[in-house]
Amino acid sequence: MLYRSWSRFVARLVLLVLVVLFLGLVTGQWLAVTMLTLFAFVAWQIYNNWKLHQWLANSERTPPESLGIWSDIFDQIDRLQKQNKNHRAMQKATIDEFMGVTNAFPDASLVIDDKDSITWFNDAARELLRLRNSTDQGQPVTNLVRDPDFANWLAVQDHINSQLEMPCPHDQNIHLAVSAVRYREGQRLIVFRDVTDIYNLEKIRRDFVANVSHELRTPLTVLLGYLESMQGQCPEDLLPAINKMRGQADQMHALLNDLLELSRLQSEEHSPIDQDLDVPAMLAQLQELALELSQGAHQVQFDVDTALWLRGNPADIESAFRNLIQNAIYYTPEGGEVTVRWSLVDKNPVFSVQDTGHGVPHRDIPRLTERFYRVGSDRSRERGGTGLGLSIVKHVLNAHQARLQINSELGEGSTFSCVFPSSRNVQKT
Ligand code: ADP
C-alpha cells in the first residue's frame with residue numbers, strides 16, 4: 001500500500017517534470033514555466049498542511065478530502081487515531097474493571113510508597129479506616145491508622161513478614177488482621193481484614209481452656225499433696241501404684257501450668273513489658289539448669305556475647321529460652337552435644353540452641369509449634385513433655401516481633417534459633 005502510493009506519487013512527479021520540459025521547449029520560457037510549476041506545487045503542499053493542521057486541531061471531524069499522497073496520509077492518520085481510541089477505551093475498561101473488583105473487595109486495602117504515604121485505597125478502607133479521598137491521599141498511613149503496635153509492625157514488617165492483629169482504631173470492638181506485601185520496589189499493599197468473629201470465638205475457647213485449667217489446678221494440688229505424703233508412709237506393695245499415680249499427676253500438673261502460661265501469653269491484658277534485659281546473666285542461670293537436667297550426660301557449651309542485651313519481657317524471654325534448652329537436653333541421647341549461642345548476626349540479636357540429638361523429619365518441622373504436636377509422642381510423654389513448649393516459644397517471639405528458625409536433620413541434630421529484630425538490640429559496654 002505504502003509502496004504503491006509512493007510509486008504513484010513519484011510517477012506523477014516525473015510526469016510533471018516532463019510537462020514542464022515540454023512547455024519550456026514549446027514556449028521557450030523555461031524560467032517562468034518552472035517557477036509557476038514550483039509555486040503551484042508548494043501552494044498545494046501548504047494547502048494540505050493547513051488542512052491537516054485544522055483537522056488535527058479538531059480530530060473529532062472526519063478526515064479532509066484530498067488527492068494523491070495526501071489522501072493516503074489523511075487515511076492513515078485517521079486509521080491510527082481510531083486504533084488509538086480503541087486501545088484507550090480498552091485500557092479504560094480494564095482500569096474500570098480493576099477498580100470495580102478492588103472496591104468490591106471486602107477487605108480494606110491500601111497502597112503505600114517507600115515513605116509510608118498512602119497512594120491508593122479502596123471503598124472498604126474508606127469505610128473501615130474512615131479515609132477520605134480529598135485529604136488522606138499522600139498522608140503517612142501511621143497518621144491515619146493511629147496505633148503504636150501498627151507503627152512498630154510496619155517498620156519491621158519487611159524483615160519479619162508476619163501478620164499483625166490489632167483493634168480497629170475507630171471501634172475497639174472490631175478486630176483486624178493486617179498483612180502486607182511488597183509487590184514492587186517502594187510499593188506495599190496493606191490489607192486489613194475484619195476477623196472479629198474468629199477473634200471472639202478464639203477468645204471464648206481461650207477463656208474456656210484457662211478456666212478449666214484453673215479449676216483443675218486446685219484439686220490436683222490437693223491430690224499431689226496426698227500422694228506425696230502417702231509415698232513416705234504406704235505399704236511396700238502399694239508403692240509402685242502410688243509412684244505411677246504421682247508421675248501421672250506431675251505430668252497433668254505440668255500440662256495445666258503450660259496451658260495457663262499459654263493463656264496468659266495470649267490474653268489481651270498481656271502486653272510485653274519492654275525493658276533492657278541482661279540476657280548474659282539470664283543465660284548464666286539457664287546454664288546451671290541445663291547442667292542439672294543433663295546430669296553430666298551431655299557436653300553442654302554456652303557461647304555468649306556478654307555485651308549484648310535485649311529489649312524485651314524478662315519472664316517471657318526466660319520461659320522461651322528455657323523451653324528450647326530443655327528440649328535440646330531431653331531430645332539428645334547421652335554423650336551428645338548441646339551448644340547455646342547468644343550473638344549478633346547481621347545486626348539482629350540471635351539466640352540459638354544446637355544439639356546433636358534425634359532431629360526432626362523435614363515434613364514435621366512446619367507443625368512443631370502447633371499445640372500438642374509431638375514428633376515422637378512416646379519419647380515426649382516419657383519425659384513428661386506436654387507438647388506445648390514450642391507453642392509458648394512461638395507466642396513469646398511473636399510478641400517480640402521475632403521469628404523462630406528451625407533447622408533439623410533426622411538422626412543428626414537440630415538448631416532452634418530465635419531471631420530478634422535489630423530494634424531490640426541493646427549494647428552494654
Ligand atoms: P514437648 O513438651 O513434647 O517437648 P514441645 O512443643 O517443646 O513439646 O516440642 C514439640 C515436639 O518437637 C516434641 O514433642 C519433639 O518431638 C520435637 N522437638 C522439640 N525440640 C526438639 C529437639 N531439640 N530435637 C528433636 N525434637 C524436638
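Residues numbered from 1 in each chain as written. Predicted model: local features only at pLDDT ≥ 70, side-chain atom pairs only at ≥ 80, totals over all residues. Heavy atoms only, no water.

On the surface, Val10, Val14, Leu15, Val17, Leu18, Val19, Leu21, Phe22, Leu23, Leu25, Val26 and Trp30 cluster together into a nonpolar patch covering about 1100 Å² of accessible area. With eleven residues, the top contributor of residues to the nonpolar patch is helix H1 (residues 2–27). Mapped onto the secondary structure, valine 26 falls in helix H1. (Patch = residues over 30% accessible without salt bridge, like charges linked within 9 Å, V, L, I, M, F, W, Y side chains within 5 Å. Areas by Shrake-Rupley, 256 points an atom, 1.4 Å probe, with all protein chains shown as cover. Salt bridge = Lys/Arg side-chain N within 4 Å of Asp/Glu carboxyl O. Helix = DSSP H or I, 4+ residues; strand = E, 2+ residues; numbered from the N terminus.)

A word on the sheet that holds strand E10 (residues 348–355). Strands pair in a sheet through their backbones, by hydrogen bonds, and they do so in one of two ways: parallel or antiparallel. With mixed pairing, five strands are arranged side by side in an open sheet as E7-E9-E10-E12-E11. Whereas interior strands pair on both sides, the edge strands pair on one side only; in this sheet they are strand E7 (299–304) and strand E11 (403–409). Direction aside, the axes of adjacent strands within the sheet are offset by 10° on average. In terms of strand pairing, strand E9 (residues 337–345) meets E10 through eight bridges, oriented antiparallel. Pairing of valine 338 across the sheet is with aspartate 355, part of E10. (Pairing = 2+ DSSP bridges. Axes fitted to C-alpha atoms, helices over the stretch in contact; angles between N-to-C directions.)

Segments scoring low in pLDDT should not have their predicted coordinates read at a detailed level. Summary statistics for the protein chain give a mean pLDDT of 89 and a share of 95% for residues scoring 70 or more. At the level of individual helices and strands, the protein chain shows its lowest average pLDDT in helix H12 (residues 377–382), which scores 61, and its highest in E10, which scores 97. (pLDDT = per-residue confidence, 0-100.)

With that out of the way, let us pick up the domain arrangement of the protein chain. A common way to state how big an interface is: give the accessible area lost once the parts meet. Domain annotation for the protein chain reports domain 1 (2–98), domain 2 (106–194), domain 3 (201–266) and domain 4 (275–427). Centre-to-centre, using C-alpha coordinates, domain 3 lies 25 Å away from domain 4. Across the boundary between the two partners, domain 3 contributes twelve residues, which contact 15 residues of domain 4. A combined buried area of about 1100 Å² lies between domain 3 and domain 4, and 61% of that area is made up of carbon and sulfur atoms. Three residues, Gln251, Leu262 and Leu265, lead the burial of domain 3 against domain 4; their summed loss comes to 45% of the area buried on that side. Counting every contact that joins domain 3 to domain 4 gives one salt bridge. For aspartate 316, the salt bridge goes to arginine 264, with nearest N and O atoms at 2.7 Å. (Domains from an automatic or database assignment. Contact = heavy atoms within 4.5 Å. Buried area = accessible area lost by both parts, 1.4 Å probe.)

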